[in-house]
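Listed below, chain by chain, are the residues.
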Amino acid sequence: MSRDWLRSAMFALPIVGLVTSAAVGAAPRSDEDAAIAQSLAEMLRDARAVVSNNQDLINNPELGDKHLTGQVVLDQAVKSYAKATGSDPATIDPKSRQGRLLRAMMVAIVAVTDDNQATINEKGTGFKGFIPAVFARLVSEDFNQRAKGEAEVKVTAPLELVRNRKARPDAWEADVMKTKLLAADWPKGQSYSAVVDVSGHPAFRIMVPEYYAASCLVCHGSPKGEMDLTGYPKEGGKVGDLGAAMSITLYH
Amino acid sequence: MAWLTIRTRLILLTSAGLLVLIATNFYLTRVLSENSAGMVKAAGLLKGIEQADSAQIAFGEMRYWMTDLAVSQLTLSERNAAAARARMDEHLGKLAPWNPERIAAVRSEVAQYDEFADKAADEYTNDRRVIGNSLLAQARQHSVIVDNLLGSIVADLTNEALIARQQTVAEATAATRLSQIVVAAAVLTGVLLTVLVLRSIVVPLRRLVAAMDGLNAGNVDVAIPAAGPDEIGAVARTLARFRDALLERNRREGELRAAHEELKATQASLIHAEKMASLGQLTAGIAHEIKNPLNFVNNFASLSVELLDELRQTARPAIAALGADKRAEIDEVIDMLTGNLEKIAEHGNRADGIVKSMLAHSRSGSGDRQRVDLNALIEESLNLAYHGARAQDHDFNITLERDLDRTIAPIELVPQDISRVLLNLFGNGFYAADKRRHEAADAAFRPVLKVVTRDLGREVEIRVRDNGIGIPIEFRDKLFQPFFTTKPTGEGTGLGLSISYDIVTQQHGGMITVDSRVDEFTEFTIRLPRSRHPATAGTRT
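A.B. asks: I tried to follow the overall build of chain A on my own but got confused; where do I start?
C.D. replies: In terms of helices and strands, chain A carries ten helices and four strands. The N-to-C order of helical and strand elements in chain A reads α-α-α-α-α-α-α-α-β-α-β-β-α-β. Looking at chain A as a whole, 43% of its 252 residues are labelled buried. Here the analysis covers contacts within chain A between residues at least 6 apart in sequence; of these, 70% occur between residues at least 24 apart.

Structure representation (structure tokens):
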């Protein structure tokens, strides 16, 4: 198995990330929340796609400075975002809730990428572990710090598929995945959102499903239990299976 | 051991062997069973060591994955840690029966480690590394205790297993040694008993075989083994009975043979006696018939001599008238006639003597029986014979030896007849001894005649022995027949021994036998019973 395969696998999930979403709950606040959440999800997916697309560059041991700075990643992500949503993030009012949170996401993308420049530019090391999933988690964590008390983003998955303990679903997330997203009659690609109580405060929560593409199965496919190139046993997944879910919480 | 039957001996021998075998087997089975229990215990302890080792390994894996979880945050590490914990629980569960308290202590420490490690992992997950480190340090302390507890358990189990193994080996070694000793002793005892039993059978059997061989060879004096109560004793008893039967048979056979021999001897004697008697009668008859003509011959011969003398006296004048030549011729004829007549008379007298002897033969047994001193009779007869012989031949000389039993009581017999017998025997002895003296090349030869008497109780014995020429064996059957003689014609009538035989056997109911070896000796033996009984006689060579 070539290194290209591995790299493809590592950014498989972002590629299959669905842009479609459906807000459940018809309240106007919820609509706004859903729009904000979809906006944040899209930006995160786009940035993750940039990292995915540059895996060969990042893992090139012969090259030192890859010139893949935070700004470079953000610029490419913004382009993708504009293309996908038809709106330029720069045009969104930075003082609005959406503008503030989206900018926080964009700052987080830049900060995480810049914080990992030493890793990215490490010469002599091939696979550096700076993969889309790790990038997405680091960005989520950075974002969560920046939007503390206002919003949280997490890429999670059904418990048996979670590889990093930090990505473990909480009870609500686990329940949504089990009863909604994994339900046989759940429309493919449709998100689930609800206003729920989080630590005594009402919050808008949305779960955006992400499905395995063929390239994902290099690490997550069959035979189940066989070690992938990172040294982790494969989950035995098939194309179209629910592989992850992006969980976004907006506190009211 | 002969007081036991062979069957009992063999049963006892076999039983002893089987008993030793069963006892040894029982002992070895018991020891093996104990040994097996010891081995099972040792195996159980080894299993325990294996479980403790496995628990240690599982705990090491658990600790590794929990530590790995702190760094990697991978749920895989968490799952691996959980799996290792489950394995450890399982191993501890299997160890628990060995020492529940110590295993409970291990479980408690493991639980505490687990709790701290879990909390540490959570803190790391929540990016509270400092407190995570602190919790992990506490967890580490419990892990050290777990290590120590498990290590001590392994050490104790190893020690127990070692002791159990050593004990098992020691017991097995002792059992092996004891069984070897028992087997060796059993073999020795078995060999000894077998030898004893075989000996108790074979030795008497050999004696029996020797006895049977001896009896088979006709030796009834062969020793027969003592009859014990066993089977060999039964055979010995049977053999003894057989020997007794054989003895009885031999005795009867001997008796029969003796009776047969006696019968034959009696028969021969009777035949001989009959022959003698008929010969005697014949001789007497002939003598009687010859006696008259012989008297005529003798009388007329004597008368003729007288007549011739008368003729000479009567014819003397006429003869004197004749010429000298004629006278001489007549005198010569008359002398010759006279001489012839005297010869006729002489030989007639001799014939008369013979006839008288023959008549005396026929008359034997007619004398009176008297109680006489036998030794005196012998002395008298011996002197008479000796001097008679000396009178006939002045050169005759012989040494007379006497061995007379002076204790012999007077015996009843016809003295003149016995004297006649003795004179016959002495005369024959003198003749034989003297003849040998004349024929012997040895000048130093001295004729000897010895007379021996013995009182045998119911009879007396007289032995007359000379060292003369002896009697050839072919003559001995004819010795007592009338007219048998080896002497030159005119010297013996051949009637002496025949008459003696009749006197001894017919008249006195005794017996007369002869033993002789040519050129050495001749010995006549006479036995005379003190009381008269039917005649028996025999000859012996």
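More follows now that the structure is in view.
A.B. asks: What am I meant to see in the overall build of chain B here?
C.D. replies: When helices and strands are counted, chain B shows nine helices and seven strands. A buried classification covers 23% of the 541 residues belonging to chain B. Across chain B, every contact between residues at least 6 apart in sequence was considered, and the portion connecting residues at least 24 apart equals 74%.

A.B. asks: Got a minute to help me understand the nonpolar core in this structure?
C.D. replies: Formed by 55 residues in total, the largest nonpolar core has its most connected members in A:Leu40, A:Met43, A:Leu44, A:Ala47, A:Met105, A:Ile109 and A:Val139. Among the elements of the structure, helix H3 (28–53), helix H5 (70–85), helix H6 (97–115), helix H8 (132–146), strand E1 (151–156), helix H9 (171–181), strand E3 (201–211) and strand E4 (242–251) of chain A are those that each provide at least two residues to this core. The greatest single-element share of this core, amounting to eleven residues, is contributed by H3(A). Excluding residues within four positions of it along the chain, A:Val139 makes contact with A:Leu44, A:Ala47, A:Ala108, A:Ile109 and A:Val112. Counting 34 residues, the second-largest nonpolar core is a separate cluster that includes B:Met66, B:Ala84, B:Ala117 and B:Tyr124.

A.B. asks: Looking at this structure, I do not really get the interface of chain B and chain A. What am I missing?
C.D. replies: Often the size quoted for an interface is simply the accessible area lost on bringing the parts together. Across the boundary between the two partners, chain B contributes six residues, which contact seven residues of chain A. The element best represented in the side of chain B that touches chain A is helix H2 (residues 75–95) of chain B, accounting for three residues. Looking at the side of chain B that touches chain A, its residues break down into two nonpolar, three polar and one charged.

A.B. asks: Got a minute to help me understand the sheet that holds strand E5 (residues 459–466) of chain B in this structure?
C.D. replies: Sheet strands associate in pairs through backbone hydrogen bonding, adopting either a parallel or an antiparallel arrangement. Residues and elements named next belong to chain B. In space, the five strands of this open sheet follow the order E2-E4-E5-E7-E6, with mixed pairing throughout. The outermost strands of the open sheet, each flanked by one partner alone, are strand E2 (399–403) and strand E6 (511–517). Adjacent strand axes in the sheet meet at a mean angle of 15° when their direction is disregarded. Pairing of E6 with strand E7 (residues 521–529), which is carried by seven bridges, proceeds in the antiparallel orientation. The residue bridging methionine 511 from the neighbouring strand is arginine 527, located in E7.

A.B. asks: What is the right way to read the packing of helix H3 (residues 100–125) of chain B against helix H4 (residues 129–216) of chain B from this model?
C.D. replies: Helix-helix packing: each pair is described by the crossing angle between the helix axes and the interaxial distance. All names here are of chain B. In the contact formed by H3 and H4, the axes pass within 8 Å of each other and the chain directions differ by 160°. Here H3 is positioned roughly antiparallel relative to H4, judged by the angle of their axes. Viewed along their axes, H3 and H4 form a crossing whose handedness is left-handed. Partitioning the contact of H3 with H4 into residue classes produces 17 nonpolar, five polar and five charged.

A.B. asks: Teacher, can you tell me more about the sheet that holds E3(A) here?
C.D. replies: Residues and elements named next belong to chain A. Across the sheet, which stays open at both edges, the four strands sit in the order E1-E4-E3-E2 with antiparallel pairing between neighbours. Each end of this open sheet is capped by a strand with a single partner; those strands are E1 and strand E2 (192–198). Adjacent strand axes in the sheet meet at a mean angle of 20°, parallel and antiparallel pairs treated alike. The strands that H9 touches are E1, E2, E3 and E4; relative to E3, the one it contacts most, it runs at about 50°.

A.B. asks: Hey, could you run me through the pairing of E1(A) in this one?
C.D. replies: Residues in a regular strand project their side chains so that they alternate between the two faces of the sheet. Residues and elements named next belong to chain A. Within E1, five of the six residues are buried, which leaves the element mostly enclosed by the surrounding structure. The pairing of E1 with E4 spans six bridges and is classified as antiparallel. Bridge pairing in E4 places lysine 154 opposite serine 247.

Cut-offs and rules
- Residues numbered from 1 in each chain as written.
- Chains lettered and ligands numbered in written order.
- Predicted model: local features only at pLDDT ≥ 70, side-chain atom pairs only at ≥ 80, totals over all residues.
- Helix = DSSP H or I, 4+ residues; strand = E, 2+ residues; numbered from the N terminus.
- Buried ≥ 20, exposed ≤ 12 C-beta atoms within 10 Å, placed from the backbone.
- Contact = placed C-beta atoms within 7 Å.
- Core = buried A, V, L, I, M, F, W, Y, C linked by C-beta atoms within 7 Å.
- Nonpolar A, V, L, I, M, F, W, Y, C, P; charged D, E, K, R; others polar.
- Pairing = 2+ DSSP bridges.
- Axes fitted to C-alpha atoms, helices over the stretch in contact; angles between N-to-C directions.
- Parallel < 35°, antiparallel > 145°, perpendicular 65-115°, else oblique.
- Left-handed = near helix turned anticlockwise from the far one by under 90°.

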